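Breakdown of the fold
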Amino acid sequence: MTACVIALFLQVLPLRCAWLTDLHVGAPGAERLLTQTVDALNHLDDIRCVLISGDITEMGSDQELLTAHTLLAELRHPYHIIPGNHDTKWSASGTTTFPRLFGNDRFVVNYGAYTFVGLHQGPRLRMADGHWAPEDLRWLDTVLSSARVSRAHIILVTHYPVDSSISNWYALLDKLDSCDVRFMMVGHGHQNAALSFEGYPAAMGRALSDGSSTVPGFNIISIDHDSLTITETRGTVPGGQPWYSRLLAPTAHQRDALARPDFGVNRKFSAVREIWKWNSGFTMTAPPAAGHGIAVVTDASGSAYGLRLTDGLPLWTHHTGGPAFAGPFVADDRVVMTSADSTVQCLDLASGTPIWTYREHAPVVAAPLIASGRVFVGGSDGQFRCLDLSDGRERWVFTDVEGFVETRPCVHSGKVFFGSWGGAFYALDANTGLLSWIWHGPRPNRLFSPAACWPVACGDNVFIVAPDRTMTVLRCGTGSEVWRSAEHQVRESIGISADSSLIVVRTMRDSLIAVDARIDTRHDIWISTPGFGYDINAAMPVSNDGVVLYGSMKGDVFALNSVTGRLLWTHRIGAVPVNTLLPLGGHKVLATDFDGNVILLEGGYERKD
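Residues numbered from 1 in each chain as written. Predicted model: local features only at pLDDT ≥ 70, side-chain atom pairs only at ≥ 80, totals over all residues. Heavy atoms only, no water.

Comments concerning the sheet that holds strand β41 (residues 556-561)
Read from one edge to the other, the open sheet built from four strands follows the order β39-β40-β41-β42, with strand pairing classed as antiparallel. What marks the edges here is a single partner per strand, and that holds for β39 (542-544) and β42 (567-572). Neighbouring strand axes in the sheet, compared pairwise and without regard to direction, differ in orientation by 20 degrees on average. Note: strand β40 (residues 547-551) against β41, five bridges, orientation antiparallel. (Pairing = 2+ DSSP bridges. Helix = DSSP H or I, 4+ residues; strand = E, 2+ residues; numbered from the N terminus. Axes fitted to C-alpha atoms, helices over the stretch in contact; angles between N-to-C directions.)

Put into structure tokens, the structure is as follows:
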């Protein structure tokens, strides 16, 4: 009887919750602000819980996450938390530390008649727009199914606004039909704002720091029956009148408020066809590899799959103990892959049978490279390794890497080149692992590290692009700068033509640029605007058979003439970031995307205007 009375009391009692977002622990002053906020919240007796909607850390490092977890553990109120893009994009642990510390990276919790549902949009390990992961959408299906049965009033908590800042924003909104969604809470924008997503009322919350004050800020949400108000608090001082209020009534989904993805371009280039398509059911952030008629792909479930190239038929599956976010590498009859379970693994290409396993001291999110019977791979443990392809034994280990390694290295002129998320770019002797030189860009912020691009080399020079929007050319032997250019807004995408004459970079504003690779001054051979618009996808341009290929963050595959830059064809495979493509010759290209699709395309040149 007592339990029933308490339950009824909680259902009618006004519900007050604190709402924090964009804490950015690791940024200057953020730890102090969070400490002050926890102390302020602990002096509030009338709040039921604390809701935290992402960007808990600045760089997603284990130390930043541990610091945030330690500070939040001092709360005397329960808290419910999701990560944001800063916690998942720059994740040295392969996004495994967050759920290990906080118990999960999504939540569902009931307070009276209201069910709060929290899930995030990544993107996991790759720069792109936010994206609803297929595994998270399946989880949401079960939550919504239960909510329909219980007739719960749903309040959705997420990080990105549920609009075109998420590549497949509609995938979630279309699931909400027949559910009683009353409100949405988002972060990411760092300011308080009233919003609406296809008819669903929403609010964006301010960041803990407003960038100009030494006093932290957060919001208090109050729900009294069906009335909701949001009031800002600065330090310990409430903001007075609510800045947001509304009646939490049932909402009609305005499905046509935003245009759904347009696949009309596929009719213009009708000669391009999808030969086959296969789906793993989990996020794929890694490009495919192939050899001897077998394609190899990996995904966030920690699995590697061998698919028959002719028809996509699965031939084998190999499971690891953690997400596999980096591209595998195939050489002869072997596959080398990495996993967030801290391993580098070598498999038999034909059967997927493990040949050897090398265990590092931290999760591995870097892409391996096989060259001359050796495996070159960076780690999240401050080390870079050279392993023997035959048995996995160490050839050498370089132990002084700043930050973690995500990239695929480049081996050229007896050296191995790679960048890290500590801001440095390294050249090591490929035979001994001894440091030849190290280069730091002029801007020390780790977010500007030349760490995501796959460096390319030609002659005496190695080429990189970084989030500082600058293309840099360094001398292979000395690390001295040959030239740097910020004329175009490049970011992290760079490739080299099959004949090594052109360096191809993607800008952030609808262009691919081919630069002469054979001279020591910058000379643009061609500039092409194929139509991808704004793009920050960390996919590399690739080249084969006189064609440059690029996959955009909006789901398009572009093929350009490598000599002239003329657009040959475009094909949209989805509303989803596409990973670095694998050209196979004969106008065929293998693609993977964030939805877990593997698609074999055959290009063409016919266009119907």
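More follows now that the structure is in view.
Here we look at the state of the cysteines
Under the counting rule described, the total for this entry stands at zero disulfides. We note that Cys458 lacks a disulfide partner, and the nearest cysteine sulfur, in Cys476, lies 9.0 Å from it. On the accessibility criterion, Cys458 (12% relative accessible area) is buried. (Disulfide = S-S within 2.5 Å. Buried < 20%, exposed > 50% of the residue type's maximum accessible area, 1.4 Å probe, protein only.)

What to know about helix α2 (residues 30-42)
Its 13 residues place the ends of α2 18 Å apart at the C-alpha level, agreeing with the 18 Å of an ideal helix rising 1.5 Å per residue. Taken together, the buried positions of α2 are occupied by Ala30, Leu33, Leu34, Thr37, Val38, Ala40, Leu41 and Asn42. (Expected span 1.5 Å × (residues − 1).)

Re the pairing of strand β29 (residues 424-429)
On a regular strand, one side chain projects to one face of the sheet and the next to the other, so that they alternate. Of all six residues that make up β29, five are buried, and the element is covered over most of its length. For strand β28 (residues 415-419) and β29, the ladder comprises five bridges, and the chain directions are antiparallel. Within the sheet, the bridge partner assigned to Lys415 lies in β29 and is Asp429. Counted along the chain from β28 to the antiparallel partner β29, the turn is four residues long, and its residue Gly423 has a positive phi close to 95 degrees. The pairing of β29 with strand β30 (residues 435-440) spans five bridges and is classified as antiparallel. Note on β30: the bridge partner recorded for Leu428 is Leu435. Connecting β29 to the antiparallel partner β30 that follows it, the hairpin turn spans five residues, and Gly433 within it adopts a positive phi of roughly 80 degrees.

Focus: the pattern of salt bridges
If you walk through the whole model with that rule in mind, you get 31 salt bridges. Lys89 is the partner of Glu406 in a salt bridge, and the nearest nitrogen-oxygen pair spans 3.4 Å. One end of the pair, Glu406, is in the loop between β26 (394-398) and β27 (410-412); the other, Lys89, is in helix α4 (residues 85-89), and 317 residues separate them in sequence. According to the relative accessible area criterion, Glu406 is buried, its value standing at 4%. Close ionic contact of Arg393 with Asp388 constitutes a salt bridge, the shortest N to O distance being 3.3 Å. Asp388 sits in the buried class, given a relative accessible area of 7%. Among the charged side chains, a network of salt bridges with common partners joins Asp174, Asp177, Glu198, Arg255 and Arg260. (Salt bridge = Lys/Arg side-chain N within 4 Å of Asp/Glu carboxyl O.)

Let's talk about the packing of aromatic side chains
One pass over the structure, following the stated rule, counts 18 aromatic pairs. On the basis of an interplanar angle of 15 degrees and a centroid distance of 5.0 Å, the ring pair of Phe418 and Tyr426 is categorised as stacked. Look at Phe532 and Phe558: their rings are 5.8 Å apart centre to centre, the planes differ by 70 degrees, and that puts the pair in the edge-to-face class. One end of the pair, Phe532, is in the loop between β38 (524-528) and β39; the other, Phe558, is in strand β41, and 26 residues separate them in sequence. In textbook terms, an aromatic cluster arises when at least three aromatic residues are bridged by ring pairs, as seen for Phe376, Phe384, Trp396, Phe398, Phe418 and Tyr426. Of note, Arg138 hangs over the ring of Phe282, and the distance from its end group to the ring centre comes to 4.9 Å. A cation over a ring is seen here: Arg572 above Phe263, with NZ or CZ 5.4 Å from the ring centre. (Phe/Tyr/Trp six-rings, centres within 6.5 Å; stacked < 30°, edge-to-face > 60°. Lys NZ or Arg CZ within 6 Å of the ring centre and 35° of its normal.)

Examining the sheet that holds β38
Read across the open sheet, the four strands follow the order β35-β36-β37-β38; overall the sheet is antiparallel. Two strands in the sheet have a free side with no partner beyond their single neighbour: β35 (490-496) and β38. Each neighbouring strand pair of the sheet contributes to a mean axis angle of 20 degrees, computed without reference to strand direction. Pairing geometry for strand β37 (residues 512-516) and β38, over four bridges, is antiparallel. Within β38, the residue paired with Val515 across the bridge is Asp524.

Topic: unusual backbone geometry
Pro123 follows Gly122 through a cis peptide bond whose omega is -5 degrees. You can see Pro123 is positioned in the loop between β5 (114-118) and α6 (134-150). Phi is positive for His24, which is not a glycine, with a value near 55 degrees. Take His24: it is sitting in the loop between β1 (15-20) and α2. Residue Ser372 is not a glycine yet carries a positive backbone phi of 55 degrees.

Structural notes on the side chain of Asp593
Positionally, Asp593 belongs in the loop between β44 (588-592) and β45 (597-602). A distance of 2.9 Å separates the side chain of Asp593 from the backbone nitrogen of Asp595, its partner in a polar contact. At 3.1 Å, the side chain of Asp593 and the backbone nitrogen of Asn597 are in polar contact. (Polar contact = N/O pair within 3.5 Å; in protein donor to acceptor, adjacent residues only side chain to side chain.)

Digging into helix α3 (residues 62-72)
For an α-helix, 3.6 residues make a turn, and residues three or four places apart therefore share a direction. The set of residues buried in α3 consists of Glu64, Leu65, Thr67, Ala68, Leu71 and Leu72. Taken end-on, α3 shows its buried residues confined to a sector of 160 degrees, consistent with a single buried face. Tucked into the core, α3 has its buried residues touching α2, β2 (49-53), β3 (79-82), α4 and α5 (97-102). (Arc of directions from axis to C-beta. Contact = heavy atoms within 4.5 Å.)

Some remarks on the environment of Gly205
Along the polypeptide, Gly205 turns up in the loop between β9 (200-204) and β10 (217-224). A relative accessible area of 0% places Gly205 in the buried class. For Gly205 and Asn192, which are 13 residues apart along the polypeptide, the C-alpha to C-alpha distance reads 4.6 Å.

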